[in-house]
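An overview of the molecular structure
Here is what each chain is made of, one letter per residue.
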Amino acid sequence: MLKFKCPFRKSCVTEGRFLGWWAKSEKLTGRLTRTKKMYGSLPPLFTFGVIADIQYADIEDGFNFKHTRKRYYRNSLRLLRRANEKWKSEAVQPRFIIQLGDVIDGYNKKYDASERALETVVNELDKSAIEVHHVWGNHEFYNFSRDDLMMSALNSKTVDGTMAEDAVQSCSVSDTEESYAYHFSPAPYFRFVVLDAYDLSIIGRKEPSTRYYEALEMLQAHNDNDDLNHPPVAEGLEQRFVKFNGGFSQGQLDWLDRLLTLSDEKLEKVVVVSHLPVHPYSTDPICLAWNYDRVLSILHSHKSVVCFMAGHDHDGGYYRDASGVHHLTFEGVIETPPESEAFGTVYVYEDRMALKGNGRVSDRVLPYP
Ligand SMILES: Nc1ncnc2c1ncn2[C@@H]1O[C@H](COP(=O)(O)OP(=O)(O)O)[C@@H](O)[C@H]1O
């Protein structure tokens, strides 16, 4: 009988026992290889789900304004269900989901169905019991007033105890004109910032507020059409000056700057989200935030920023800018055919994030700047 010298024990072992150990270590290697294939290397620190522009309404399919894209109003609920089931079934469930805005369509208002439609999508999301962070888009304001939204299930604003500094807890500039902007830290060294892209807009603000008049002045300085949803030019960046877009108030921009300064000091990695994209190469310019350039210059002055995620442009987009910030615009569920999908899961590692896309959403590796 063959005898082998075991490196860990003083005694000699038989061939059979040696083969047993070898087989066990092969099994372990196999498991590690499978894990490596699934995640790229080690398991992620945490994951999160992303979905954009669900725009659910219990109505027949229709088209976008230009009649170039079909909109699947009822099917969007089915696609949300499938995304949620996928997230729910994962061995390690996402720590949270980011819903990038326009969760129900403006048509609901016309049929007096806003409350019912919202209840339907919220019930669907609740089935997974995963925490959801809601971003507000233009369709939120077609259906509800800002005050109603603040009291609704779409208000996921939290006060983060890990950054107790008063100046950045949440973005409250004045009692009457509060912004829906906040931040949270799902894991040490990671922070997520939810921005309010309709803080300065004529749909997200009401007369006679200061912000409403400020927004109207900004819009009319660039767009002299009677119908302010009609863009002032046929191409180029000026197209963004339409009523269905908006921007960020000075108060919100200052708050973002202060928050990112603290994140830099704490060596955090930061993801910023908003309904409207802020980089011209990550979207059709008609979907850009009015003062996108102000946000970009703040993002670029802080080393903590990893990526900016947005919705609104249903065709989606991606661009990594010169500062290394990734700009991801997610494809909209509403214009996704029934046989496809539009959602993603982001795997967060020490050195990068990796987006696993489904259907129209592509896979992407997002190394930290
Ligand atoms: N080129 C345009 N001219 C005039 N109105 C427009 C134009 N594009 C969009 N709109 C109007 O602006 C609003 C928002 O447009 P829509 O495409 O529905 O936005 P979303 O992509 O957020 O659903 C709608 O009321 C739509 O009719």
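Check the entry above for the structure.
Bear in mind that the values here come from a model prediction, so they are computed numbers and not experimental data. (Residues numbered from 1 in each chain as written. Predicted model: local features only at pLDDT ≥ 70, side-chain atom pairs only at ≥ 80, totals over all residues.)

Of regular secondary structure, the chain possesses 9 helices and 16 strands. Of all 369 residues assigned to the chain, the portion counted as buried reaches 44%. The contacts of the chain with a sequence gap of at least 6 include a subset with a gap of at least 24, amounting to 65%. (Helix = DSSP H or I, 4+ residues; strand = E, 2+ residues; numbered from the N terminus. Buried ≥ 20, exposed ≤ 12 C-beta atoms within 10 Å, placed from the backbone. Contact = placed C-beta atoms within 7 Å.)

So, on to the sheet that holds strand 3 (residues 46-51). Strand order in the open sheet formed by 6 strands is 7-6-3-14-15-16, and the pairing between neighbours is mixed. Of all the strands in the sheet, just strand 7 (131-134) and strand 16 (364-367) have a single pairing partner and so form its edges. Mean inter-strand twist for the sheet, computed between neighbouring axes without regard to direction, equals 20°. The pairing of strand 3 with strand 6 (residues 96-99) spans 4 bridges and is parallel. Opposite Phe 48, over in strand 6, you have Phe 96 as the bridge partner. Each of strand 3, strand 6 and strand 14 (342-348) is contacted by helix 2 (residues 75-89), which is oriented at about 175° to strand 3, the strand it contacts most. (Pairing = 2+ DSSP bridges. Axes fitted to C-alpha atoms, helices over the stretch in contact; angles between N-to-C directions.)

Before going further, it helps to spend a moment on the nonpolar core. Counting residues in each nonpolar core, the largest one holds 90 residues, and the members touching the most others are Ile 51, Leu 100, Val 121, Val 273 and Met 309. For this core, the leading source of residues is strand 11 (residues 305-310), giving 6 residues. When residues no more than four places from it in sequence are discounted, the contact partners of Met 309 are Val 50, Ile 98, Leu 100, Val 271, Val 273, Leu 328 and Phe 330. (Core = buried A, V, L, I, M, F, W, Y, C linked by C-beta atoms within 7 Å.)

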